[in-house]
Amino acid sequence: QSQTTVISIKETTTSPIINKNIYGHFAEHLGRSIYGGFFVGDTSKIPNTNGVRNDIIKALKELKIPNLRWPGGCFADTYHWKDGIGPKENRPTIVNQWWGGVTEDNSFGTHDFLNMCELLGAEPYLSGNVGSGTVQELSDWVQYANFKGKSPMSDLRTKNGRTEPWKVNFWGIGNEAWGCGGNMTADYYANEYRKYATFMPNDIVRIASGANSDNYNWTETLMKNIPANMLGGLALHHYSVIDWNKKGDGVDFTEDQYFATMKEALKMEELVTKHSAIMDKYDPNKKIDLVVDEWGGWYDVEKGTNPGFLFQQNTMRDAVLAGATLNIFNNHADRVRMANLAQCVNVLQAVILTDKAKMITTPTYHVMKMYNVHQDATLLNLNFSAPNYTYRGESLPAVSASASKDKSGKVHISIVNIDSKNKNKIEIDVNNLGVKNFTGTILNASKLQDFNSFDTPNKIVPTAFKGFENKKGKLEITIPPFSVLVLEGK
Ligand code: AHR
């Protein structure tokens, strides 16, 4: 592209903080996410802490993982938390009806998860069972995790080896209540939600199961029927899927499929805009969070793997998808205050893949790491009109960007070139931001289909970016096709 995209950047006094929880993750009992992923058991030869792999803990800490959602997903509405506490040898088994029909032994339960979150320095986000659970069961779970004084559940917790409560702040009340969580109507679920929330304390963030993509009626019904003081957050799920019956290969894809994936990913802009507008009608002061607690690319499982385990590789397509989506969340930080990439380890758009003792980080991991500079920074206003990425007569915006200023005064600008073929020229005047010296980090590859394998784990890693000039506070940038760039000014 020969045209230059001029981005104007402005600091305003009313700008929101980009909540670090936008950079959250998700770990479901699904495939090799927990068992054979995070959790190898404390008798494993793989170095671990209480059964959780040390290499995964290290990698996620380096990512600054802010929160982790567990135990599902669809699994959450089948999960009975009391089966996962106490001596492991006494725990009953559970059949994972949604994911491969496998039987698990409940050896990874509440203590394992919450202690792991402490190791990670991440806030836990527990997803409660509404579909096949009871109000009593969920309210007991809250008491078990959070109650400090004497109570039946805190006594049980102490008996199981933990005296101090964990203080879990984020609680989901069901998952995909319109689908695997019980196939409820919005009206019916709103009533169920009210009932469950009544028996949970007010000092935690209660999050309602939200809409599937563009089901705006779901959001409207919940916002209308749930009293604001009972609702801390409202969820939204959107996956970038080309066609649910023919999702396409995670690695071996055409430009057609890349374009279609990115079209679905960029739809997130419209989704958060429209769901936010509905929320604004009922909650003009924006007290209730929009929580995009499942997002990411979803392809056919890797050949030869269990179809119920949702294992897929992760290419530069996923890196571009992640960078563009996170820019959308940043730019909507006034309402989007939490999001969870699906999923963290070995499932869907994972940041970490494992193969026995080996562990690798994916291109998506590197994007999340490059972008963690935005966590809890103040959003800067960007104004620009993106050039087109045109493919077979259809167009998408080729450039996605967001920017923030952190507490130490550093400015970060994240830019994605979505165009699969053309580089883009960008100009940004950074004169009024109180920073002078810029450096850049880029993630790119020679092919969109490139990925990190267990044999070549560092094929795609961030490198220093030299493709820009700082001409007296005017940055002139040339960003290569399908790449993700973060500039830092100090
Ligand atoms: O992330 C995989 C599944 O996708 C989750 O279990 C469910 O909530 C969604 O449909």
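Conventions and cut-offs
Residues numbered from 1 in each chain as written. Predicted model: local features only at pLDDT ≥ 70, side-chain atom pairs only at ≥ 80, totals over all residues. Heavy atoms only, no water. Helix = DSSP H or I, 4+ residues; strand = E, 2+ residues; numbered from the N terminus. Rg over C-alpha atoms; globule rule 2.2 N^0.38 Å. Buried < 20%, exposed > 50% of the residue type's maximum accessible area, 1.4 Å probe, protein only. Contact = heavy atoms within 4.5 Å. Areas by Shrake-Rupley, 256 points an atom, 1.4 Å probe, with all protein chains shown as cover. Lys, Arg positive; Asp, Glu negative; His and termini not counted. Charge placed at Lys NZ, Arg CZ, Asp CG, Glu CD. Polar contact = N/O pair within 3.5 Å; in protein donor to acceptor, adjacent residues only side chain to side chain. Pairing = 2+ DSSP bridges. Near = heavy atom within 4 Å. Nonpolar A, V, L, I, M, F, W, Y, C, P; charged D, E, K, R; others polar. Salt bridge = Lys/Arg side-chain N within 4 Å of Asp/Glu carboxyl O. Domains from an automatic or database assignment. Buried area = accessible area lost by both parts, 1.4 Å probe. Expected span 1.5 Å × (residues − 1). Arc of directions from axis to C-beta. Core = buried A, V, L, I, M, F, W, Y, C linked by side-chain atoms within 4.5 Å. Axes fitted to C-alpha atoms, helices over the stretch in contact; angles between N-to-C directions.

A separate point is the overall build of the protein. Counting its regular elements, the protein contains nine helices and 26 strands. For 490 residues, the compact-globule estimate of 2.2 N^0.38 gives 23 Å, and the C-alpha radius of gyration of the protein, at 22 Å, lies within 12% of that figure. Reported as C-alpha extents along the three principal axes, the dimensions of the protein are approximately 65 × 50 × 45 Å. Taking all 490 residues of the protein together, the buried fraction comes to 59%. When contacts within the protein are restricted to residue pairs at least 6 apart in sequence, long-range pairs at least 24 apart make up 75% of them. Entry remark: accessible area of the protein is about 19200 Å², with carbon and sulfur atoms responsible for 50%. The protein carries 52 positive and 52 negative side-chain charges, and their two centres are separated by 5 Å.

Let's shift gears to the environment of Thr-364. Its place among the elements puts Thr-364 in helix H9 (residues 363-371). Judged by its relative accessible area of 0%, Thr-364 is buried. Expressed as a C-alpha distance, the spacing of Thr-364 and Ser-420, which sit 56 residues apart in the sequence, is 17 Å. Residues within four places of Thr-364 in sequence aside, it is in contact with Asn-314, Asp-318, Ala-319, Ala-322, Leu-341, Gln-349, Ala-350 and Val-351. Here the side chain of Thr-364 touches Gln-349 through a polar contact of 3.1 Å, side chain to side chain.

Let's shift gears to the sheet that holds strand E25 (residues 474-479). Strand order in the open sheet made by the ten strands is E23-E22-E26-E20-E19-E16-E1-E21-E25-E24, with mixed pairing throughout. Each end of this open sheet is capped by a strand with a single partner; those strands are strand E23 (463-464) and strand E24 (468-471). As defined by bridge partners, E24 adjoins E25 across four bridges and the pair is classed as antiparallel. Pairing of Phe-468 across the sheet is with Ile-477, part of E25.

Near the ligand, the surroundings consist of 13 residues, among which Glu-28, Cys-74, Glu-176, Tyr-239 and Glu-294 are the closest. Between Tyr-239 and the ligand, the recorded distance is 2.7 Å, taken from a side-chain N or O atom to an oxygen atom. About the coverage of the ligand: the protein hides 94% of its 280 Å² of free accessible area. Grouping the amino acids of the shell around the ligand by side-chain chemistry returns six nonpolar, four polar and three charged.

Once that is clear, we can look at the side chain of Asp-77. Considering the arrangement of structural elements, one finds Asp-77 in the loop between strand E5 (67-70) and strand E6 (94-95). In this structure, Asp-77 is buried with no salt-bridge partner, the nearest side chain bearing the opposite charge being Arg-69 at 7.4 Å.

Here we take up the environment of Gly-72. Note on placement: Gly-72 falls in the loop between E5 and E6. On the basis of relative accessibility, which here comes to 0%, the residue Gly-72 falls in the buried class. Spatially, the C-alpha atom of Gly-72 lies 6.9 Å from that of Ala-27, the residues being 45 residues apart in sequence. Here Gly-72 is in contact with Phe-26, Glu-28 and Ser-127, once residues within four sequence places are set aside.

Interface extent is often summarised as the accessible area lost during association of the parts. Partitioning the protein into structural domains gives domain 1 (4-10 + 380-489) and domain 2 (20-376). Just the C-alpha atoms count here: the centres of domain 1 and domain 2 sit 29 Å apart. Between domain 1 and domain 2, the residue contacts involve 43 residues of the former and 36 residues of the latter. Its largest share of buried area at the contact with domain 2, domain 1 owes to Leu-396, Leu-448 and Phe-454, together 20% of the area lost on that side. At the boundary of domain 1 and domain 2, one finds three salt bridges. A salt bridge links Arg-392 to Asp-256, with the shortest nitrogen-to-oxygen separation between them at 2.8 Å.

Before going further, it helps to examine helix H5 (residues 186-198). Over its 13 residues, H5 extends 18 Å from the first C-alpha to the last, a length consistent with the 18 Å expected when each residue adds 1.5 Å. Burial in H5 covers these residues: Ala-186, Tyr-189, Ala-190, Glu-192, Tyr-193, Tyr-196 and Ala-197. All buried residues of H5 lie within an arc of 165 degrees about the axis, which places them on one face of the element. Tucked into the core, H5 has its buried residues touching helix H3 (135-146), strand E9 (170-173), strand E10 (205-212) and helix H6 (216-225).

Turning our attention to the pattern of salt bridges. Side chains carrying opposite charge are able to pair once their charged atoms draw close together. The final tally for this structure, using the stated rule, is 30 salt bridges. Close ionic contact of Asp-55 with Arg-53 constitutes a salt bridge, the shortest N to O distance being 2.9 Å. One salt bridge connects Asp-450 with Lys-447, and the closest N-O pair in it is separated by 3.9 Å. Using a relative accessible area of 6% as the deciding quantity, one classes Asp-450 as buried. Each of the salt bridges in this network shares a partner with another, and the network as a whole consists of Asp-280, Asp-283, Lys-286, Asp-334 and Arg-335.

What follows concerns the nonpolar core. Among the nonpolar cores identified, the biggest contains 114 residues, and Phe-38, Leu-60, Leu-68, Trp-171, Trp-295 and Phe-329 are the most heavily contacted of them. A per-element tally of this core places helix H7 (residues 255-282) first, with ten residues. Here this core spans two domains, since at least three of its residues come from each of domain 1 (4-10 + 380-489) and domain 2 (20-376). If sequence neighbours within four positions are ignored, Leu-68 has contacts with His-25, Phe-26, Ala-27, Phe-38, Phe-113, Met-116, Cys-117, Leu-120, Glu-123, Pro-124, Tyr-125 and Cys-344. Among the nonpolar cores identified, the runner-up in size contains 24 residues, and Ile-9, Leu-380, Ile-426 and Ile-442 belong to it.

Counting buried residues in helix H2 (residues 110-120) gives eight out of eleven residues, a clear majority hidden from the surface. Listed as buried for H2 are Thr-110, His-111, Asp-112, Phe-113, Leu-114, Met-116, Cys-117 and Leu-120. Buried residues belonging to H2 abut strand E4 (52-53), helix H1 (54-63), E5, strand E8 (123-128), H3 and helix H4 (152-159). Of the residues flanking the end of H2, it is Gly-121, one or two places downstream, whose phi is positive at about 70 degrees.

What follows deals with the sheet that holds strand E2 (residues 24-26). Taking strand neighbours around the barrel as the criterion, the eight strands line up as E2-E5-E8-E9-E10-E11-E12-E13 in a closed arrangement whose pairing is parallel. For this sheet, the mean angle separating the axes of adjacent strands, direction not counted, is 30 degrees. As judged from the four bridges shared by E10 and strand E11 (residues 233-240), these two strands associate in the parallel manner. Directly across from Ile-207, in E11, lies its bridge partner Gly-233.

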